[in-house]
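Listed below are the residues making up each chain.
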Amino acid sequence: MPEYADSSRTRDETPHERHERWAWIHETASMTGWDFSPLSGRLVADDPPWDFDQICLDAMANSHSCLDMGTGGGERLAELIDRLEDARPPGEPSPTISATEGWEPNVPLAASMLEDYGVEVTRYDSDHHPEMPWDDDEFDLVMNRHESYDLAEVARVLSPGGLFLTQQVDGTEAQEFRDLFGGGVGDLRQQLEPCISDVESQGLAIEAARKWQGTMRFTDVEAVIEYLAYIPWDVPGFSVRSNLDVLRRLAESSEPITVTQKRFLIVARKP
């Protein structure tokens, strides 16, 4: 490990050493599953007023076949399954559960995590695969948390009466980062209103739709650098060396670094 990676040495470091340490943080940061624990205590994020996990659990308790899209490392789905036994009506069999994951390093992690639960993990993401690898009307529940999707394919694999639950990150979240580091405007299509139109265009009926805005607060500039390595799509092309002036200003401020957090929720049913 490079000497400058040790935070105990940063008190007397030169500007060059600090810049090298920042670059090292960004270049070596990696995340398995969907785990932000390395930023624990350094990133404080507000929560939406709804509980998406509880919404999913309630729907799973009344389903026979469900799909979790973008399961990450499988941690969240495993927790839901653990809670499912207490949520299902007495005597009701557990649903058949499938999962997808599109990021290659996560696929074996999810498969290992979910193997004992009898969940098959399929590598799939809507950006690289034209069709979902399931028959028409396969699932009575499709859950999607922060994962891309092709609405036509979701509607196809949903059975009549089936439910689509999705919580998404608004495409204009963290605009402050793009203003600071040069990333333009976020994805205006990835917002509640256009997504409602897409859902309705596939013949699904909206049962609930909500959006929310809160904040994410970073205690130090190193936490920002690490976060942008985990979530590179917030500022495409970000690098430490091309943003040293901005990073120095942020480091010299005594205030937390605060950006806007945005989420939206859609609950839709296939007639």
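About the cut-offs
Residues numbered from 1 in each chain as written. Predicted model: local features only at pLDDT ≥ 70, side-chain atom pairs only at ≥ 80, totals over all residues. Heavy atoms only, no water. Pairing = 2+ DSSP bridges. Helix = DSSP H or I, 4+ residues; strand = E, 2+ residues; numbered from the N terminus. Axes fitted to C-alpha atoms, helices over the stretch in contact; angles between N-to-C directions. Buried < 20%, exposed > 50% of the residue type's maximum accessible area, 1.4 Å probe, protein only. Salt bridge = Lys/Arg side-chain N within 4 Å of Asp/Glu carboxyl O. Right-handed = clockwise from strand over helix to strand, strands pointing away. Core = buried A, V, L, I, M, F, W, Y, C linked by side-chain atoms within 4.5 Å. Contact = heavy atoms within 4.5 Å. Lys, Arg positive; Asp, Glu negative; His and termini not counted. Polar contact = N/O pair within 3.5 Å; in protein donor to acceptor, adjacent residues only side chain to side chain.

Bringing the sheet that holds strand 6 (residues 158–169) into the picture now. Two orientations exist for strands paired in a sheet by backbone hydrogen bonds: parallel and antiparallel. Spatially, eight strands are ordered 1-7-8-6-5-2-3-4 in an open sheet, and the strand pairing comes out mixed. The two strands at the open ends of the sheet, each matched to only one other strand, are strand 1 (43–45) and strand 4 (120–123). The sheet shows a mean angle of 20° between the axes of neighbouring strands, direction not considered. Across four bridges, strand 3 (residues 96–101) lies against strand 4 in parallel orientation. Note that in strand 4 the partner of T100 across the bridge is T122.

Despite not being glycine, H146 has its phi angle at roughly 65°, a positive value. Its place among the elements puts H146 in the loop between strand 5 (139–145) and helix 5 (151–157). Residue classification places H146 among the buried positions, given a relative accessible area of 18%.

Relative to the elements of secondary structure, D116 occurs in the loop between helix 4 (106–114) and strand 4. Taking the C-alpha atoms as reference, D116 lies 35 Å from Q202; in sequence the two are 86 residues apart.

A few words now on the pattern of salt bridges. Taken as a whole and judged by the stated rule, the model has 19 salt bridges. Here D220 ties to R42 by a salt bridge, and the two come within 3.4 Å at their closest N and O atoms. Highlighted residues: D220 in the loop between strand 7 (205–218) and helix 8 (221–230) and R42 in the loop between helix 1 (15–28) and strand 1, separated in sequence by 178 residues. Its relative accessible area of 22% is what places D220 among the partly exposed residues. Taking relative accessible area as the criterion, R42 reaches 22% and is therefore assigned partly exposed. We note a salt bridge from R248 to D245, for which the minimum N-O separation is 2.1 Å. Of the two residues, R248 and D245 are both situated in helix 9 (residues 244–252); the distance of three residues between them amounts to about one turn of the helix. Since its relative accessible area comes to 24%, R248 is described here as partly exposed.

To continue, consider the pairing of strand 3. For strand 3, the tally of buried residues reaches five of six residues, placing the bulk of the element in the interior. Here four bridges tie strand 2 (residues 65–69) to strand 3, and the two strands are oriented parallel to one another. Following the sheet pairing, S65 is matched in strand 3 by T96. Following the chain from strand 2 across helix 3 (residues 75–87) to the adjacent parallel strand 3, one finds a crossover that is right-handed. Running through helix 4, the crossover from strand 3 to the neighbouring parallel element strand 4 is right-handed.

One finds F177, F181, F218, Y227, L228, V240 and L247 to be the most contacted residues of the largest nonpolar core, which totals 30 residues. In terms of residues, this core owes the most to one element, helix 8, which gives eight residues. Not counting the four nearest positions on each side in its chain, F218 is found in contact with R42, L43, F177, A223, V224, Y227, P256, I257 and V259. One finds C56, L80, L84 and V121 within the second-largest nonpolar core, a separate group that totals 26 residues.

A word on the pairing of strand 2. The buried fraction of strand 2 amounts to five of the five residues, a majority that puts the element mostly inside the structure. When strand 2 meets strand 5, the two strands line up parallel, connected through four bridges. Considered in strand 5, the bridge of C66 is made with L141.

What follows is about the side chain of E101. Relative to the helices and strands, E101 is located in strand 3. One buried charge, E101, has no salt-bridge partner; the nearest side chain with opposite charge is R123, at 8.1 Å. Among the polar contacts listed, one links the side chain of E101 to the backbone nitrogen of G72, at a separation of 2.6 Å. Sequence-distant contacts of E101, that is, excluding residues within four places in its chain, are made with G70, T71, G72, N106, V107, V121, T122, R123 and Y124.

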